[in-house]
Amino acid sequence: MLGIYSIQKFSSLDFPGRLCAILWFSGCNMRCPYCYNKDVVFGEKQIEEDEVLEFLKKRIGLLDGVSFTGGEATLYKNIIPFSRKIKEMGFEIKLDTNGLNFDVVREMVEENLVDYIALDFKAPPEKFETVTKNKHFDKYEKTLDFLISSDVEFEVRTTIHTDLLDENDINEIIKILHTKGYKGKYYLQNYFETDKETLGNIGPQKRKLDTSKISDLIPVEFRNF
Ligand code: SF4
C-alpha cells in the first residue's frame, strides 16, 4: 500500500535546481504542534499508484524530478519499488523526511533511489518528544549519522516556533551537527503563520527568534524571517 494523498503537478521551488511534481503522502509518525497539514497527517490514500505513474509518463522530458513529501513518505515500504519505477523513467527523486524510518532511508540511498534529501531536525534530544510527540531521538540520530557518512546530497532544517524552541535549543542543534561533521547548510525555517488549524492548536509565535544570537559554527540560512 502506498498512501498517496495528493499530487501537485508542477513546482519550480521545492526541489533545488529541478522542475518537479510533488507527491503528498498521508500519515505521519510525529505530531508536531505547529503542523498545518492535518488533512494529510490524518488522511487516507486518495490516488492510485498507477495513476501517478501514468501522469509521470506524460511528463518525461518536461520535468526533472519528483518530490516526496507529506506526512511521511517513508511510512510505506512500497516507496522502494515505487521509486525504482520513477527512476526508470529518468526522474530524479527528492525526499522530505523526519528521519524516524532509518531502514527505508538507508535502502533508498544505498539503491541510489534518491538524489536529494531534506531532513528535519525537529529539536535537540531533551525537547524532541515535546516537539514531535515521539520519543525516539535515537532513531532519528541513526538516520542523521548515516546521511552524514553517505554521499547523498542532503540538507538539514528546523522549523522555528518560539513557543517550542529558543535560541539555546537551536545553538545546541548546531553544536550537534558540527560535532558530527555535517558539511552542508543548516536551514532555519520560521513558522509560517496560517489560518489553517494546526495539530496542536498552537497559534502565532509570541516573539520571533533573535537571529543575532544564533551560532555561526556552521553555515546557517534563514527562511521566512
Ligand atoms: S510537521 Fe510534523 S506532524 Fe506534520 S507532517 Fe511534518 S513531521 Fe509530520
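Now for a quick tour of the structure. What you see is a predicted model, and the numbers here were worked out from it, not measured in a lab. (Residues numbered from 1 in each chain as written. Predicted model: local features only at pLDDT ≥ 70, side-chain atom pairs only at ≥ 80, totals over all residues. Heavy atoms only, no water.)

### Quick word on the environment of Phe 146
Counting through the fold element by element, Phe 146 comes out in helix H6 (residues 137–149). Taking relative accessible area as the criterion, Phe 146 reaches 14% and is therefore assigned buried. Phe 146 sits 27 residues away from Ile 173 along the chain, and the two C-alpha atoms are 17 Å apart. When sequence neighbours within four positions are dropped, the list of residues in contact with Phe 146 reads Phe 102, Val 105, Arg 106, Val 109 and Glu 110. (Helix = DSSP H or I, 4+ residues; strand = E, 2+ residues; numbered from the N terminus. Buried < 20%, exposed > 50% of the residue type's maximum accessible area, 1.4 Å probe, protein only. Contact = heavy atoms within 4.5 Å.)

### Comments concerning the sheet that holds strand E8 (residues 220–223)
Across the sheet, eight strands lie side by side as E1-E2-E3-E4-E5-E6-E7-E8; this open sheet has mixed pairing. Taken across any chain shown, the strands that pair with only one partner, and hence form the sheet edges, are strand E1 (4–11) and E8. If you compare each strand with its neighbour and ignore which way they point, the axes differ by 20° on average. Pairing between strand E4 (residues 92–97) and strand E5 (residues 116–120): four bridges, direction parallel. Pairing of Leu 95 across the sheet is with Ile 117, part of E5. Contacting strand E3 (65–70), E4 and E5, helix H4 (residues 102–110) runs over the sheet at an angle of about 160° to E4. Together, E5 and strand E6 (153–160) form the strand contacts of H6, whose direction differs from that of E5 by roughly 145°. (Pairing = 2+ DSSP bridges. Axes fitted to C-alpha atoms, helices over the stretch in contact; angles between N-to-C directions.)

### Comments concerning the side chain of Arg 157
Topologically, Arg 157 is positioned in strand E6. Its relative accessible area of 14% is what places Arg 157 among the buried residues. The residues touching Arg 157, leaving out its near neighbours within four places in the chain, are Asp 96, Ala 118, Leu 119, Asp 120, Phe 121, Tyr 186, Tyr 187, Gln 189 and Arg 223.

### Points about the side chain of Ser 11
Mapped onto the fold, Ser 11 is located in strand E1. At a separation of 3.1 Å, a polar atom in the side chain of Ser 11 contacts the main-chain amide nitrogen of Leu 13. A polar contact of 3.1 Å, which involves the side chain of Ser 11, links it to the backbone nitrogen of Asp 14. (Polar contact = N/O pair within 3.5 Å; in protein donor to acceptor, adjacent residues only side chain to side chain.)

### Here's the deal with the environment of Asn 98
Looking at where Asn 98 falls in the secondary structure, it is placed in the loop between E4 and H4. C-alpha of Asn 98 to C-alpha of Ser 212: the two residues are 114 residues apart in sequence and 27 Å apart in space. Not counting residues within four places of it along the chain, the set of residues in contact with Asn 98 comprises Cys 28, Asn 29, Met 30, Glu 72, Leu 119, Asp 120, Lys 122 and Tyr 140. Only 2.9 Å separates the side chain of Asn 98 from the side chain of Asn 29, close enough to count as a polar contact. Within the structure, Asn 98 has its side chain in polar contact with the backbone nitrogen of Leu 100 (distance 3.1 Å).

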